Structures are given as C-alpha cells and as structure tokens.
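Descriptive structure summary
Chain by chain, the residues run as shown.
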Amino acid sequence: MRRRRWSGPGPLRPALFPDTGRGLLSRRPLRPGATLVSIPLSLLVSSATALRSELGAALRAARPAVSAQLAVSLWLALERRRGADSGWRPYLASLPSAYTTPAYCEPRELSADLLPEALLSAARGQRRLLLRQLERARQLLRQTSIPCTAGWEISEEEFRHGWFTVNTRAVFLDPSLAPGLFSEDNLALAPFLDLFNHSPTATMSSRVVGDHYELVTEDRFSAGEQVFINYGPHDNLRLLLDYGFVVPSNSQDAVPVPAEWVPLPAAAQDNSPAGDLTIGRSGASWGLAVRLYLAGLTAAERAAGRAADVWRLAPEELTAPSAVRRALAALLVRLVRHLESCLTAQRALPAPSDALQVCSALLCEWLLVLQGHVWELARRPGADGVVRPVYATRLGDVVTVSATRENGEECYIVEKAAVKP
C-alpha cells in the first residue's frame, strides 16, 4: 500500500479484540471531524480494477451485463489463483479464509428442524443466487484466453469466497467514480479500511478528497479504544445474511412470523395490504396486526365493512379486539417454542459449522425480543399427565400448552389473566 502512495494508517492500528476479533484501535484520542483513514483511489478494488485486468474483454462483451459484484468476485478468484504471481497477494492473504454467512452452512444444516422458516428460506435463497452467479462466472471464463485460466473450472468454494469477500467487506463508492458498465456499480474493496467493525451507534461519513477515499468520524474515541463504523440501520437477520454476524440487543431486531401461521379467509385476502409480518420490541408490526385483525373478523363483521378499517387503525388498535389479542398471545408462544426447538436441535448437532453457530446467536437474539412480550410462568401436568409450560404475556393473557394435534402441532389454550402480568 505504501508503494501505491498510501500515507499510512494515521491514528489507527490493527488489533485483536476479545468480542469482535480483528479490528482497528485508536492510537490517540479522536474527536468528531477526525479523518480515520485516507485510501488512494488507486488502491480500491472495484469493477474498474476488473476491467483493467485480463478479464476486461469478457466483462465488456457479457450480455446481459453482469453486476459489479460478480465482476469483482471473479477478479478476486483469478488473483487468488495466480498465487505468488499476483501483485495483490499481501491483501489477499489478509482476507479470512471463510465467512459465516448462511451460505457457509453445511448442506445438512439447512434443515427445517434446525432453522426457522424465515432464516431457512433466506439461506436457501442465498445459495441459489450464489449458484446462478457461479454459472455466469464459468461462462465468462470460457470466453477468455488467459493462460492461467486454461482448463480451470472455477469451483463453488473459490467463487463463494470471492462473492462473500465483496458482500461482507465492500464500501459504497460514488457511482460517478465507476466506469458505469455494470449494474449496481457502486461498491469497492478498500484494503486496511475493511478492518473496521460495525457498531449501530457509530456515526461517520465518507468522502472523496482529490484522489483519496476517506472516512470521517462524528464520534469521540479514547486512546486504546476500538474504533467502529456503522454499516447501516440493519436488523440482525440482514446483518447475518450480508456480513455473517449479529449485534447483541440490536434495537432494529424483529422476529419474522411465517404467513401460513396466520391464515386469512379468502374473503379477507383482498383487504390485506402488503407489509412485513414481524414482532419487534414494541410489539406486532402493522402488517402482522392487520393480518391478525382480518383473520379474526366474523363473516358478519366483514359484510358490515369492518375490513376497510385496517387502513386507518394503528397496530395497538388492530390488536385491541379480544379475538386478535388471544391469537397474538398464542402466536407469541408458538414462536418461542419453535425457536427453542431449533436451538435444541442445533446444540445436539455434532461439529456445527461456524456459520450455524452465528445462526444460533441470531435465534438467541430473537428469543430476547420475544421475552419482552411472553415468558414462562409455571409448569403444570395436563390431562394426559405430561407436564407442560404455562406462559404469561404482556397482553394480559395466560397461554397453556396442551397435547399435540394429530399433525404434530401443539395446541394453545388462551385464558384472560385475573390480574394483568
């Protein structure tokens, strides 16, 4: 980097931290407005870098046009293949050998017994996207005549590493600085800068000054303290999918609810607006509250036009009817028990992958969100003599888990508490 006109690490130095691993430490006190790093644009790895390489002709000729992420991912895989002949070898050697996004879960771990539906669907979707992009990468390589690629059928592992290096480490680059040949051409890898870890409370900005890309902090840091940047206001599911980690007590977190858990009668489906079905720290999302409200309407209420009310009601008004409140209470218990079941199965799995262990951390964070709404009150024997839990909810209901139905699903008996918990 110094040979390419980098002035050095400035106030920072790389360090290892017990909770986040590698990161950047402040060597002196920093005040708001301080420049954290200044990286020459010539050191940024972007689609322009790929275009200048031997891949350039194939990338320009690709129809339909490839994404900037695919171009940079393929360039990374090619440079890794060059080994000692690559001028980027020191940077490539500094990268992790693997990542902890769900695409790094082993095939046996992508199971409905181990992952809740929202996470399992996202993990499978991530893998499908990866395989589609891998096939495009192989097509591009067949169109090149680069000596070091002769007979090379890029493997899934090689491409996966390149793809998630870009996915987890790229910074936003003003599109006006990119060549504009690719879709979503606004990303770049920035050596040294990509050692920053994320904090949802960090405030900073980026800028281009002359021929340098800079990050400026709006926070204060003491000497010897880890310096963070903010990757964006993401919930833990998005952080896991894009970066491979979760943030404890993330204020953005919300627990997804499968749509099939809240079925709508056909007559109510036209009145159901699009919206996320989640439970956050403040309660049910508007989309979930609407769905519960519509599902709880009687035929007479729908005929009287009550379905039209959903557009003007707030979530707390939508969940006020007793039928809705009771359905939400049962839903909360079902979510808790489903997440606990997945965690139990994960912990029983021998030699889980690092990626699955981060998935476990996500489920634990989701349970913390739900614990603000529902908690185990006691354990009592049912009519069949089996001891099962009884839950209390913030809604004021008590939910008893009873014997399972023939299809294996649990039954939930919801009763109004004599005193609100």
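Heads up: the structure comes first, above all this text.
Presented here is an overview of the structure given in this document. Predicted model, so just to flag it, every value in this text is computed and none were measured.

**Describing the overall build of the protein**
Tallying secondary structure elements over the protein gives 13 helices and 16 strands in all. Judged by the C-alpha coordinates and their principal axes, the protein covers about 75 × 50 × 50 Å. The proportion of buried residues among the 421 residues of the protein is 50%. Within the protein, contacts between residues at least 6 apart in sequence are counted, and of these 65% link residues at least 24 apart. Distance between charge centroids for the protein: 4 Å, based on 46 positive and 42 negative side chains.

**Some points on the packing of aromatic side chains**
Under the criterion given, the structure shown has 10 aromatic pairs. Where Trp 88 meets Tyr 91, the ring centres are 6.5 Å apart and the plane angle is 70 degrees; that geometry is what we call edge-to-face. Residue classification places Tyr 91 among the buried residues on the basis of a relative accessible area of 9%. Ring geometry for Tyr 231 against Tyr 243: centres 4.7 Å apart, planes inclined by 50 degrees, an arrangement best described as tilted. Pair noted here: Tyr 231 is in the loop between strand E9 (228-229) and helix H7 (236-243) and Tyr 243 is in helix H7, with a separation of 12 residues, a long-range link.

**Points about helix H9 (residues 286-296)**
When you tally the buried positions in H9, you get 8 out of 11 residues, the bulk of the element. Among the residues of H9, Gly 287, Leu 288, Ala 289, Val 290, Arg 291, Leu 292, Tyr 293 and Leu 294 are the ones counted as buried.

**Some thoughts on the packing of H9 against helix H12 (residues 322-348)**
Contact geometry of H9 with H12 gives a least axis separation of 9 Å together with a crossing angle of 120 degrees. Relative to H12, the element H9 lies oblique. Seen along the crossing, H9 lies across H12 with a hand that is right-handed. Two secondary-structure elements touch here, H9 through Leu 288, Leu 292 and Tyr 293 and H12 through Val 324, Ala 327, Leu 328 and Leu 331. A class-by-class count of the residues in the contact of H9 with H12 yields 7 nonpolar, no polar and no charged.

**Things to note about the nonpolar core**
Core analysis: the largest hydrophobic core is formed by 97 residues, its most contacted members being Leu 59, Val 257 and Leu 288. When residues of this core are assigned to their parent elements, the largest contribution, 12 residues, is made by H12.

**Digging into the sheet that holds strand E16 (residues 411-416)**
Read across the open sheet, the 4 strands follow the order E13-E14-E15-E16; overall the sheet is antiparallel. One side of each edge strand has no neighbouring strand; the edge strands of this open sheet are strand E13 (374-381) and E16. For this sheet the average axis-to-axis angle between neighbouring strands, irrespective of direction, equals 25 degrees. When E13 meets strand E14 (residues 387-393), the two strands line up antiparallel, connected through 7 bridges. Bridge assignment links Trp 375 to a residue of E14, and that residue is Ala 392. Across the sheet, H12 lies against E13, E14, strand E15 (397-402) and E16, angled at about 135 degrees from E16, the strand it touches most.

**As for helix H3 (residues 68-82)**
End to end, H3 covers 21 Å across 15 residues, agreeing with the expected 21 Å (1.5 Å per residue, within 8%). Among the 15 residues in H3, 12 count as buried, and that is most of the element. Among the residues of H3, those classed as buried are Ala 68, Gln 69, Leu 70, Ala 71, Val 72, Ser 73, Leu 74, Trp 75, Leu 76, Ala 77, Leu 78 and Glu 79. The secondary structure elements touched by the buried residues of H3 are helix H1 (47-52), helix H2 (56-61), helix H4 (89-94), helix H5 (117-142), helix H6 (156-169) and strand E5 (187-188). Trailing H3 by a residue or two, Gly 83 shows a phi angle of about 65 degrees, which is positive.

Reading the values: rules and limits
- Residues numbered from 1 in each chain as written.
- Predicted model: local features only at pLDDT ≥ 70, side-chain atom pairs only at ≥ 80, totals over all residues.
- Heavy atoms only, no water.
- Helix = DSSP H or I, 4+ residues; strand = E, 2+ residues; numbered from the N terminus.
- Buried < 20%, exposed > 50% of the residue type's maximum accessible area, 1.4 Å probe, protein only.
- Contact = heavy atoms within 4.5 Å.
- Lys, Arg positive; Asp, Glu negative; His and termini not counted.
- Charge placed at Lys NZ, Arg CZ, Asp CG, Glu CD.
- Phe/Tyr/Trp six-rings, centres within 6.5 Å; stacked < 30°, edge-to-face > 60°.
- Axes fitted to C-alpha atoms, helices over the stretch in contact; angles between N-to-C directions.
- Parallel < 35°, antiparallel > 145°, perpendicular 65-115°, else oblique.
- Left-handed = near helix turned anticlockwise from the far one by under 90°.
- Nonpolar A, V, L, I, M, F, W, Y, C, P; charged D, E, K, R; others polar.
- Core = buried A, V, L, I, M, F, W, Y, C linked by side-chain atoms within 4.5 Å.
- Pairing = 2+ DSSP bridges.
- Expected span 1.5 Å × (residues − 1).

Purely geometric numbers; function is a separate question.
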